[in-house]
Amino acid sequence: MAAAEKIIGSRIKRREDPRLITGEAKYLEDIQLPGLLHAAILRSPHAHAKIKSIDTSKAAKHPGVIAVYTGKDFADVNPMPCAWQAGKVKNNVNTPRVLEIDRVTFTGAGVAVVVAEDRYMAQDALELIHVDYEVLPAVVDAEKATKAGAPQLHENAPNNIALEWTCGTQDTTDRALKEADVVVKQRMINQRLIPTPMETRGCIAQYQAATEEWTVWMTSQAPHVMRLLMTAFVFGVPETKMRVISPQIGGGFGAKIFLYPEYCLMAALSRKIGRPVKWMETRSENYIATTHGRDHITEIEVGAKRDGTITALKVNTYANLGGVLSTIAPGIPTTLYGRMLSGTYRIPNIFCHVYGVYTNTGMVDAYRGAGRPEATYVIERAVDLVAHELGLDPVAVRRKNFIPPEAFPYDPVILNGLKYDSGQYAKALDLALKMLGYENFRKEQAEARKQGRYLGVGFSSYVEICGVAPSAWIGLPGEGWGAGLWESANVRVHLTGKVVVTTGSQSHGQGHETSVAQVVAGELGISVDDVIVQHSDTLGTPFGYGTYGSRSTAVGTVAVYNSLQKIKEKAKLLGAHMLEAAPEDVVFEDGKVFVKGSPDQSKTIQEIAGAAALAYSLPPGMEPFLDNTSYYDPPNCTFPFGTHICVVEVDKETGEVKIKRYIAIDDVGKVINPMIVEGQVHGGIVQGVAQALWEGAVYDDNGQLLTGSLMDYAIPKADFFPTFETDRTETPTPVNPLGVKGAGETGTIASTPAVVNAIVDALAPFGVKHIDMPVTPPKVWRILQGNGG
Amino acid sequence: MYPSNFDYQRAASVADAIQKGSSDGAKFLAGGHSLLPALKLRLNEPESLVDIARLDALKGISVTGSSVRIGALATHAQIAGSADVKKHAPALASACGQVGDPAVRNRGTLGGNLAHTDPASDPPTVVLALGGKLHLQGSGGNRVVAAEDFFLDLFTTDLHPGELITAVEIPSIGQAKSAYAKMAHPASRYAVVGVCVVLEVSGGKCSKARVAVGGATPKATLSAAAANALVGSSLDTAALDAAAQALSADLSDVMGDVYAPEDYRRAMAGVYLKRAVRAAMG
Ligand SMILES: Cc1cc2nc3c(=O)[nH]c(=O)nc-3n(C[C@H](O)[C@H](O)[C@H](O)COP(=O)(O)OP(=O)(O)OC[C@H]3O[C@@H](n4cnc5c(N)ncnc54)[C@H](O)[C@@H]3O)c2cc1C
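Counting restarts for each chain: residues are numbered from 1 in the order of the written sequence. For this description, chains carry letters from A and ligands carry numbers from 1, given in the order in which they are written. Local features are withheld for residues below a pLDDT of 70 in this predicted model, meaning they are given only at 70 or higher, and side-chain atom pairs are given and counted only at 80 or more; totals for whole chains, interfaces and linings count all residues. Excluding hydrogens and water, the side-chain values take into account all heavy atoms of the structure.

**Student:** Explain the domain arrangement of chain A here, please?
**Tutor:** Residue and element names in this part refer to chain A. Domain boundaries shown here were taken from an automatic or database domain assignment. Under the domain assignment, chain A is made up of domain 1 (2–24 + 487–632), domain 2 (31–136 + 198–251 + 256–289) and domain 3 (293–469 + 636–786). Counting residues at the interface gives 28 residues for domain 2, matched by 28 residues for domain 3. Looking at the side of domain 2 facing domain 3, the largest losses of area belong to Trp84, Phe258 and Tyr287, adding up to 33% of the total buried there. Any Lys or Arg side-chain nitrogen found within 4 Å of a carboxyl oxygen on Asp or Glu counts as a salt bridge. For the pair domain 2 and domain 3, the number of links is zero salt bridges. Think of a polar contact as two N or O atoms within 3.5 Å of one another; within protein, one of them needs to be a possible hydrogen donor and the other a possible acceptor, and neighboring residues in sequence only count if both atoms come from side chains. Where domain 2 packs against domain 3, one counts 10 residue pairs in polar contact (both at pLDDT 80 or more). Strands here mean DSSP runs of E at least two residues long; helices mean DSSP runs of H or I at least four residues long; both are numbered from the N terminus. Here the side of domain 2 that touches domain 3 gets five residues from one element, more than from any other, and that element is helix H9 (residues 283–289). Two residues qualify as a contact provided that any one of their heavy atoms is within 4.5 Å of a heavy atom in the partner residue. By convention, the term buried area covers the 1.4 Å-probe accessible surface removed from two parts as they join, with the contributions of both added.

**Student:** Sorry, what's going on with the domain arrangement of chain B here?
**Tutor:** Accessible area lost on assembly of the parts is the figure often given for the size of an interface. All names here are of chain B. Each assigned domain of chain B is listed here: domain 1 (7–50), domain 2 (60–171) and domain 3 (177–281). Distance between the C-alpha centres of domain 2 and domain 3: 20 Å. Contacts between the two partners involve 24 residues from domain 2 and, on the opposite side, 22 residues from domain 3. Summed over both partners, the interface of domain 2 with domain 3 buries about 1,800 Å², with 60% contributed by carbon and sulfur atoms. Joining domain 2 to domain 3, the criterion identifies two salt bridges. For the salt bridge of Arg210 with Glu148, the shortest nitrogen-to-oxygen distance reads 3.2 Å.

**Student:** What's the story with the packing of helix H11 (residues 372–390) of chain A against helix H20 (residues 746–762) of chain A in this structure? I'm lost.
**Tutor:** Pairs of packed helices are described in terms of their axes, by the angle between the two and the distance that separates them. Residue and element names in this part refer to chain A. One way to put it is that H11 packs onto H20 with a least axis distance of 8 Å and a crossing angle of 30 degrees. Looking at the two axes, H11 sits roughly parallel to H20. The two elements H11 and H20 meet at a crossing, and its hand is right-handed. Across from Arg372, Pro373, Thr376, Tyr377, Glu380, Arg381 and Asp384 in H11, the residues of H20 making contact are Thr748, Ile749, Ala750, Thr752, Pro753, Val756, Asn757 and Val760. Note that Gly is not counted as nonpolar here; it falls among the polar residues with everything else outside the nonpolar set of Ala, Val, Leu, Ile, Met, Phe, Trp, Tyr, Cys and Pro and the charged set of Asp, Glu, Lys and Arg. For the contact of H11 with H20, a count of residues per class yields seven nonpolar, four polar and four charged. Only the contacting stretch of a helix is used when fitting its axis, a line to C-alpha atoms as for every element, and angles between N-to-C directions run 0 to 180 degrees. An angle below 35 degrees is read as roughly parallel, one above 145 as roughly antiparallel, one from 65 to 115 as roughly perpendicular, and any other as oblique. For any helix crossing, the convention is left-handed if the near helix is rotated counterclockwise from the far helix by under a right angle, and right-handed if that rotation is clockwise.

**Student:** Any chance you could explain the interface of chain A and chain B here in plain terms?
**Tutor:** Contact residues are listed per partner, giving 30 residues for chain A and 27 residues for chain B. If you sort the residues of chain A by the area they bury against chain B, Glu653, Met711 and Trp781 of chain A come out on top, with a joint share of 23%. At the junction of chain A and chain B, the tally comes to seven salt bridges. Across the pair Asp651 of chain A and Arg275 of chain B runs a salt bridge, and its minimum N-O distance is 2.9 Å.

**Student:** Any chance you could explain unusual backbone geometry here in plain terms?
**Tutor:** It is generally the case that most residues other than glycine have a negative phi and that most peptide bonds are trans. With an omega of -5 degrees, the peptide bond running from Phe408 of chain A to Pro409 of chain A counts as cis. With respect to the secondary-structure elements, Pro409 of chain A resides in the loop between helix H12 (394–401) and helix H13 (425–436). For the bond running from Met773 of chain A to Pro774 of chain A, omega is -10 degrees, close enough to zero to count as cis. On the secondary structure map, Pro774 of chain A appears in the loop between H20 and helix H21 (777–784). In the Ramachandran plot, Thr196 of chain A falls in the positive-phi region, its phi being about 55 degrees despite a non-glycine side chain. One can find Thr196 of chain A in the loop between strand S8 (182–193) and strand S9 (202–208). The residue Phe155 of chain B is not glycine, and still its phi comes out positive at about 50 degrees. Looking at where Phe155 of chain B falls in the secondary structure, it is placed in the loop between strand S8 (151–153) and strand S9 (156–157). Remark: exposure states derive from per-residue accessible area (1.4 Å probe, protein chains only) relative to the maximum for the residue type, with buried under 20%, exposed over 50%, and partly exposed in between. Exposure remark for Phe155 of chain B: the relative accessible area of 43% places this residue in the partly exposed category.

**Student:** Help me out: how do you make sense of the site of the ligand in this one?
**Tutor:** Residues and elements named next belong to chain B. For the ligand, the set of nearby residues contains 31 residues, the closest of which are Phe28, Gly32, His33, Leu35 and Thr109. In the environment of the ligand, an oxygen atom lies 3.0 Å from a nitrogen or oxygen atom belonging to the side chain of Lys27. At 3.0 Å from a nitrogen atom of the ligand is found a side-chain nitrogen or oxygen belonging to Tyr190. Areas reported as accessible are Shrake-Rupley estimates using a 1.4 Å probe. Residue values count occlusion only from the protein chains shown. Here the ligand loses 93% of its free accessible area of 960 Å² to cover by the protein chains. Put simply, the parts of the chain that give the shell around the ligand at least two residues each are strand S2 (26–29), helix H7 (110–116) and strand S10 (164–171). Here the residues of the shell around the ligand sort into 14 nonpolar, 12 polar and five charged. Any residue with a heavy atom positioned within 4 Å of a molecule or strand is treated as near that molecule or strand.

**Student:** I would appreciate a short explanation of the side chain of Thr748 of chain A in the present structure.
**Tutor:** Residue and element names in this part refer to chain A. In this structure, Thr748 sits in helix H20. Assessed through its relative accessible area of 1%, Thr748 is described here as buried. Dropping the residues within four chain positions of it, Thr748 is found in contact with Arg294, Arg368, Gly369, Pro373, Gly684, Ile685, Gln687 and Gly688.

**Student:** I'm lost on the sheet that holds strand S14 (residues 310–322) of chain A in this one. Help?
**Tutor:** As a general point, the strands of a sheet are linked pairwise by backbone hydrogen bonds and lie either parallel or antiparallel. Residues and elements named next belong to chain A. In this analysis, strands are considered paired if DSSP registers two or more bridges between them. A sheet is described by the order of its strands in space; here five strands give the open sequence S7-S15-S14-S13-S8, paired in mixed fashion. Each having just a single partner strand, strand S7 (161–168) and S8 make up the two edges of the open sheet. On average, adjacent strands in this sheet sit at an angle of 10 degrees to one another, irrespective of strand direction. Both S7 and strand S15 (residues 349–358) contribute to a ladder of seven bridges, which runs antiparallel. Looking at the pairing, Thr166 lines up with His353 of S15. On the sheet, H11 packs against S8, strand S13 (293–304) and S14 and is oriented at approximately 145 degrees with respect to S8.

**Student:** Explain the packing of aromatic side chains to me, please; I cannot follow it from the model alone.
**Tutor:** The geometry of an aromatic ring pair is captured by two quantities: the separation of the ring centres and the angle between the planes. All names here are of chain A. Each pair of aromatic rings taken from Phe, Tyr and Trp, with Trp reduced to its six-membered ring, is defined by centres within 6.5 Å and is described as stacked if the planes are under 30 degrees apart, edge-to-face if over 60, and tilted in the remaining cases. Taken as a whole and judged by the stated rule, the model has 27 aromatic pairs over all chains. Ring plane angle 70 degrees and centroid distance 5.5 Å describe the contact between Tyr69 and Phe74, whose orientation is recorded as edge-to-face. The pair formed by Tyr69 and Phe74 is uniform in burial state, with each residue classed as buried. Centre to centre, the rings of Trp486 and Phe543 are 5.7 Å apart; their planes meet at 55 degrees, and the pair counts as tilted. Here the residue Trp486 occupies a position in the loop between helix H15 (471–474) and strand S17 (487–493), and Phe543 occupies one in the loop between strand S19 (531–534) and helix H17 (552–579), the gap between them amounting to 57 residues. We classify Trp486 as partly exposed; its relative accessible area is 21%. Grouping aromatic residues by their ring pairs yields a cluster made of Tyr345, Phe402, Phe408, Tyr425 and Phe641. Directly above the ring of Tyr69 sits Lys272, whose terminal nitrogen or CZ lies 5.4 Å from the centroid. Note on criteria: charge over ring means Lys NZ or Arg CZ within 6 Å of the ring centre, with the direction from the centre no more than 35 degrees off the ring normal.

**Student:** Looking at this structure, I do not really get a nonpolar patch on the surface. What am I missing?
**Tutor:** Residues enter a patch when their relative accessible area is above 30% and they make no salt bridge; the linking distance is 9 Å between like charges and 5 Å between nonpolar side chains (Val, Leu, Ile, Met, Phe, Trp, Tyr). Where nonpolar side chains cluster on the molecular surface, the patch consists of Leu495, Leu614 and Tyr616 of chain A and spans about 360 Å² of accessible area. Turning to its location among the elements, Tyr616 of chain A is positioned in the loop between helix H18 (605–614) and strand S23 (626–632).

**Student:** Would you take a moment to explain the nonpolar core for this structure?
**Tutor:** Side chains of nonpolar character tend, in soluble globular proteins, to be buried together. Residue and element names in this part refer to chain A. As used in this record, nonpolar core signifies buried Ala, Val, Leu, Ile, Met, Phe, Trp, Tyr and Cys residues forming a set joined through side-chain atoms within 4.5 Å. Within the largest apolar cluster, 196 residues are counted, with the highest numbers of intra-cluster contacts made by Leu269, Tyr420, Tyr662 and Leu693. Sort the elements by how many residues they give to this core and H11 lands first, with 10 residues. Non-local contacts of Tyr420, meaning those with residues more than four positions away in its chain, are made with Met340, Ser342, Gly343, Ile403, Phe408, Pro409, Tyr410, Pro412, Leu415, Tyr425, Val463 and Phe639. Within the second largest apolar cluster, 43 residues are counted, among which are Ala517, Val531, Val558 and Val593.

**Student:** What exactly am I supposed to notice about the pattern of salt bridges here?
**Tutor:** Where charged atoms from two side chains of opposite charge approach closely, those side chains can pair. Residue and element names in this part refer to chain A. Tallied over the full model, the rule gives 53 salt bridges over all chains. With a closest N to O distance of 2.8 Å, Arg43 and Glu285 form a salt bridge. With Arg43 in strand S1 (residues 37–43) and Glu285 in helix H9, the pair connects residues that are 242 residues apart, well separated along the chain. The pair formed by Arg43 and Glu285 is uniform in burial state, with each residue classed as buried.

**Student:** Please clarify how the sheet that holds strand S5 (residues 67–71) of chain B should be interpreted in this entry.
**Tutor:** Residue and element names in this part refer to chain B. Spatially, S4-S5-S10-S6-S7 is the arrangement adopted by the five strands of the open sheet, whose pairing is antiparallel. Taken across any chain shown, the strands that pair with only one partner, and hence form the sheet edges, are strand S4 (61–64) and strand S7 (141–146). Taking each pair of neighbouring strands and ignoring which way they run, the sheet shows an average axis angle of 25 degrees. With four bridges joining them, S4 and S5 adopt antiparallel strand pairing. Paired with Ser62 across the bridge in S5 is Arg69.

Written as structure tokens, this is what we have:
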């Protein structure tokens, strides 16, 4: 179908942009309701303390204050659920309550709430609440927290260990390391990040006593899951008692997937007070109370033969999970990390051991890439360490170990039964090298060194896992995910021929309203303008698990595609009936049904939709209307891959690292809208490079966040970057009929090792073998001064 | 980000501003780009704000005799774009052009910046190096204070309570060369270190020099040692290295933080001195 292929794959402009660019889109902060009250939350200034008593009497008397509550007032509300109980976490689960009752384990935990006629009054009254704390010693470092004598956060988690998890086999890996020609050991830190979406979190809850029903607006990437968790797990009421709406979302990056205590608090307050209650997070609150990402301390041992063949990889990681567990925290440093440590390479022996650790810091959960950036950093640094040790070209070592195209589907063993779907790793690398002009670069680098200028190049040949996940796999006991991971869609062709798609997936910057419409338009042979895509409201959309893990296209849009096939089948039956032809003689092409070979005698999809809706003359047994709902449970995950190359120059005087070139070749399978994919890739690279060079959350030893504002936490600016040089190879996945893999996270996953490898390459004349992120000027300067490498 | 309650008053004239500003707990509001963030974090809870932003008497940039007079309300963007400032005090135009981002430069004022004296600010360093004078007006009358006597410490100036900066007067650099070189913090874009040099050169030799440092130190600071290392030299590499060393050694009170520790800032003062000299000599 020529027309269809044209729409699917074309760079049409995003249909959601006009409302965003003109400022007409409505965010949570824009919602007004009659009688709306405003809440402000008192947060613990201590990282670890017992709450001895709370005096709210003065605050309650403040003008405009409706109510003041503490944790004790909500003792009947369950703590937040932990939905991904990987490893042995089960017995050690400690999650936040709407307000903490007798103990806080991180700075920023909520201890009291004021509800007032406006937010200013509520904020004023917070200052009048007196909390008597008994301050306890704190620990913020995940490795130190497991050692004898460390402050203990939770009685059910001795040595602060929330979970212990392994994958691979220890004895064969140890043996392979013993037998290896060389073994390289390295300790590396994947520092904590603060997601920093432009829009902070917020929630409005409205309770109707007569029906015992809530309507809740919240900044969520997964409204259906929020409804399920709040009703069934936190309040113990039927799911039907709540409607959740995500308005326009100003960026999530993972941090808006989770069920946060503030959302449940608003629901509880509205039920108690009988008026709608709103809370909008301030930026300062966002930095301490919204989830963070990464925060691994890792020791690796990698064994190789003298020719560069990698024979074993052993990884031991302390993953900092914060003071309490966020919704899916345990799954990130386990399933999404350890299982991807083979990267793009055949590594016969891998063993990964992970401690998930409680510390007196903010909660850590999925942040763009979620586990895979950490895994990619480990393996892509490991390859460079091997190359460095053996004096080999890092490109050659990559090539030597690549999984070859004919080996797919490839079973890296540690994936617990899943197989890499498709890949042409060398092809992507070759294209990237060609864009770089590798040989010329090495000459330029040598010349520059003679002049005392330090250039470096870094490679990252990554593979990631997305399109999560086959329910039967993610539901395996070892994985611990507490649900399925399919997606759903409903497609309705109205009487007028206009199409309404409702999806359980949620769009907050990914462009679903455009790319899904392209698939519909392409399949039905209609204009994109005749398709509308609705999402983000549990009323009127089928259940879906939400948008994260680059799964909306590879899972959610496949559900749409499957419904379209069923609608086309029905249109063919009805079209044949209208043409008085036998169903087996007709075809559906370019939006028309006609008898094979006679396209001038045809019925358009619009005519057929009209006939289906009017139902004056339907074939015997056919129901009116073109309407179909699909539930798609993927048979496998998808595995995008590619090569990123970064070229840097290090300023000898200041230690500043300047990105001179950034080349990204990504293979995300079939592409529906190249412009949207490029946008995702660019944004991802920016976030990944930012981790490599600038971003990093820092807590002091008492658990105070030192980087608690945008004045200290360095999110990148546009002028920090050169123009990215991007291109693609296209290896469709056999996993789904669209051939799509997923493109939301490749940039963050691939980029950190590309940058760090480049810096290490630049600093090779100084004997540098590794440097931890963020590679700030003072760190590099110290190396250049000859102290600390 | 919700400030506590305050009264808002708009000043009708300079005299009115001074009268309103003299009451307890009053604060002047100019561009609001230092004051409002502090209010929102409740680090500052004034009882009333006296808005001076519309007082024409505090606006404008003019040249009188051999100096340029910059009204306290001149914005960073106006200063950066002013032909008069570029001619007579080019380092100040350059520094103001490096303040924050365009939004900050379009709202923030020179008077507000100097009154606030954030240690990481740019203009104080330059005004100090250029030998600027601050014109102040308060209930006790008018006075003129040299920049050297105005900046006292971290966020602390010689301003009396209720006193207003009305203008800043900067002597024209004439034939001298000058430049401001800054290392910007990647998050805030404030100065991690900023160095301003003013150099007189005759017969290929530096005959006079002034060197001021900011960002690294609690307040903008002049370094005679660094200046002396430059004077008499031909500003060659050896002289610059010596001056950089002299400057790093001269700074008594260097600050450190999570991003840039004390020893790094000290070293960077020297590096940016060299960069400023090279930029000045063009
Ligand atoms: C994101 C951001 C980045 C920034 N980056 C930089 C940077 O890189 N470099 C830099 O130098 N600055 C930077 N700033 C600060 C900026 O320059 C401010 O505008 C400036 O410091 C204050 O000027 P204002 O007019 O906004 O003063 P306001 O905020 O209105 O007032 C500041 C203080 O000065 C007092 N005041 C104001 N005017 C007068 C007057 N005429 N007489 C007496 N007292 C007065 C006020 O009472 C108040 O105490 C940044 C600010 C922001 C928000």
